[in-house]
Amino acid sequence: MKAAVITGVGSVEVTTVDDPKCGPREVVVDVAACGLCGTDLHILQGEFAPTLPVVPGHEFAGTIVEIGSQVGELKVGDRVAVDPSLYCYECRMCRSGKNNLCERWAAIGVTTAGGAAEFAVAPVANCVKLPDHVRTEDAALIEPLSCAVRGYDVLRSQMASRVLIYGSGTMGLMMLQLGKLTGASSIEVVDLNEERLKTAVQLGVTGVAASADELDRPQGWDVVIDATGNEKAIQDGLGRVAKGGTFLQFGVSDYSARVTIEPYKIYNQEITITGSMAVLHSFERAADLFATGVLDPEIFISDRVPLDGYAGALDQFKAGVGRKIQVLP
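Residues numbered from 1 in each chain as written. Predicted model: local features only at pLDDT ≥ 70, side-chain atom pairs only at ≥ 80, totals over all residues. Heavy atoms only, no water.

- The protein has the name 2-desacetyl-2-hydroxyethyl bacteriochlorophyllide A dehydrogenase in an unreviewed UniProt entry, where Lentzea albidocapillata is given as its organism.
- The UniProt entry for the protein carries the following comment under Cofactor (unreviewed entry): "Zn(2+)".
- In its Sequence similarities (unreviewed entry) section, the UniProt entry covering the protein states "Belongs to the zinc-containing alcohol dehydrogenase family." (UniProt positions renumbered as here; feature names shortened; annotations may be inferred.)

Okay, structure coming up:
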């Protein structure tokens, strides 16, 4: 089969690889669409614990074409979205219900072959069957949405919170959409990319700006979310949290990123600094939300390109052009 392969640090090619084989409790998925993500860029940089070469792609959906000998809950022809998370279920984190912090953490498309290919293997337990009205290609958005749902699980947001989001890429926009569902009294978005800010305005937002200085919030925000991973944005955001507020590190930063905190301010103003790592008990809920139309795929997906264009799609994503970019094997 044809697949995109990250062969080494900074190197990716589309080539022919062996067809996947499924185990007794696995299925083979004919991939309809696979979304690109910032994590894919980190893998290309040799980060996020990958062993190269690897077929990337952890955001994907498709149709089951083969089932393992012990699979009974799904059948060939079922359309599914795939949770890429792979846990050991044995370590201390897994036993305490914090599987996303698994000491042997792995993921389809990160540590094992993923969905940037014509076919991909997944445990049947990781597959969520799609309702008839959801397009298979669009369902690749469920995985990033499940990360956003997890982010709001961490926040435990109160009604009428004032929210500031750094970044209006796919994840920032998803946090915007979910922020509305939590009953935020205001949501403002900061980004240097004017085209992406236009999408935030289209989705409905209290205000947008290139800098938080342009927004009239002298007392700060109850919730500040970084969806960029950029250390300058993170540093600025830490200083925008109101008394008793929360800063959520949601974007994936480079390993080398560093910021400065003010311990006395954190103590004296009871500021919470927390993070949200990938998916945790949120994939099925995200699938349910997606089925209700919480996201408009035509707004969120800006580009659909053939698998042969994977390398160029990564370059486009890195340049910040467009929103969610999908490859269609």
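Don't stop here, the text continues.
### Focus: the pattern of salt bridges
(1) Moving on: In the structure shown here, the tally under the stated rule is 16 salt bridges.
(2) Moving on: As a salt-bridge pair, Asp-308 and Lys-2 come within 3.3 Å of each other at their nearest N and O atoms. Placement of Asp-308 in the loop between strand 16 (301-306) and helix 10 (310-318) and of Lys-2 in strand 1 (residues 2-8) is noted, with a sequence separation of 306 residues between them.
(3) Moving on: Classification of Lys-2 as partly exposed rests on a relative accessible area of 34%.
(4) Moving on: For Asp-213, the salt bridge identified is with Arg-240, shortest N-O distance 2.8 Å. (Salt bridge = Lys/Arg side-chain N within 4 Å of Asp/Glu carboxyl O. Helix = DSSP H or I, 4+ residues; strand = E, 2+ residues; numbered from the N terminus. Buried < 20%, exposed > 50% of the residue type's maximum accessible area, 1.4 Å probe, protein only.)

### Topic: the side chain of Arg-240
(1) Moving on: Looking at the element boundaries, Arg-240 is found in the loop between helix 6 (231-238) and strand 14 (241-249).
(2) Moving on: The class of Arg-240 is buried, set by a relative accessible area of 17%.
(3) Moving on: A polar side-chain atom of Arg-240 sits 2.8 Å from a polar atom in the side chain of Asp-213. (Polar contact = N/O pair within 3.5 Å; in protein donor to acceptor, adjacent residues only side chain to side chain.)

### Observations concerning the domain arrangement of the protein
(1) Moving on: Partitioning the protein into domains gives domain 1 (2-129 + 296-327) and domain 2 (148-275).
(2) Moving on: Across the boundary between the two partners, domain 1 contributes 14 residues, which contact 14 residues of domain 2.
(3) Moving on: Summed over both partners, the interface of domain 1 with domain 2 comes to about 1200 Å²; 57% of that surface belongs to carbon and sulfur atoms.
(4) Moving on: The largest share of the area that domain 1 buries against domain 2 comes from Ile-299, Phe-300 and Arg-323, three residues that together contribute 42% of it.
(5) Moving on: In this assembly, domain 1 and domain 2 are joined by 0 salt bridges.
(6) Moving on: Counting across the interface, domain 1 meets domain 2 through 6 residue pairs in polar contact (both at pLDDT 80 or more).
(7) Moving on: Within the residue set of the side of domain 1 that touches domain 2, elements represented by two or more residues are helix 1 (38-44) and helix 9 (297-300).
(8) Moving on: Residues that form the side of domain 1 that touches domain 2 fall into these classes: 5 nonpolar, 6 polar and 3 charged. (Domains from an automatic or database assignment. Contact = heavy atoms within 4.5 Å. Buried area = accessible area lost by both parts, 1.4 Å probe. Nonpolar A, V, L, I, M, F, W, Y, C, P; charged D, E, K, R; others polar.)

### Examining the packing of aromatic side chains
Pairs of aromatic rings are described using the distance from one ring centre to the other and the angle between the two planes.
(1) Moving on: By the definition in use, this model includes 2 aromatic pairs.
(2) Moving on: Centre to centre, the rings of Tyr-87 and Tyr-89 are 5.9 Å apart; their planes meet at 80°, and the pair counts as edge-to-face.
(3) Moving on: For Tyr-89, a relative accessible area of 57% puts it in the exposed group. (Phe/Tyr/Trp six-rings, centres within 6.5 Å; stacked < 30°, edge-to-face > 60°.)

### Overview of the nonpolar core
(1) Moving on: Judged by nonpolar contacts, the single largest core of 42 residues is most densely connected at Ile-142, Ile-225 and Phe-250.
(2) Moving on: Looking at this core, the elements with two or more residues in it are helix 3 (142-155), strand 10 (162-166), helix 4 (170-181), strand 11 (186-190), helix 5 (194-203), strand 13 (221-226), helix 8 (283-291) and helix 9.
(3) Moving on: With near-sequence residues (within four places) excluded, Ile-142 lies in contact with Ala-81, Leu-130, Phe-283, Ala-286, Ala-287 and Phe-290. (Core = buried A, V, L, I, M, F, W, Y, C linked by side-chain atoms within 4.5 Å.)

### A short note on the packing of helix 3 against helix 8
For any two helices packed against each other, one specifies the inter-axial angle together with the distance between the axes.
(1) Moving on: Relative orientation of the contacting elements helix 3 and helix 8 amounts to 110°, with a least axis distance of 8 Å. Considered as vectors, helix 3 and helix 8 are oriented roughly perpendicular to each other. At the point where helix 3 passes helix 8, the crossing takes the right-handed sense. Residue-level inspection shows Ile-142, Glu-143, Leu-145, Ser-146, Val-149 and Asp-153 of helix 3 in contact with helix 8, the latter providing Phe-283, Arg-285, Ala-286, Ala-287, Leu-289 and Phe-290.
(2) Moving on: Each residue belonging to the contact of helix 3 with helix 8 can be placed in one class, and the counts come to 8 nonpolar, 1 polar and 3 charged. (Axes fitted to C-alpha atoms, helices over the stretch in contact; angles between N-to-C directions. Parallel < 35°, antiparallel > 145°, perpendicular 65-115°, else oblique. Left-handed = near helix turned anticlockwise from the far one by under 90°.)

### Brief notes about helix 8
(1) Moving on: Within helix 8, the full set of buried residues consists of Phe-283, Ala-286, Ala-287 and Phe-290. An end-on view of helix 8 places all buried positions within 105° of arc, on one side of the element.
(2) Moving on: The inward-facing, buried residues of helix 8 contact strand 5 (79-82), strand 9 (127-129), helix 3 and helix 9.
(3) Moving on: Downstream of helix 8 by one or two residues, Gly-293 has phi in the positive range, about 90°. (Arc of directions from axis to C-beta.)

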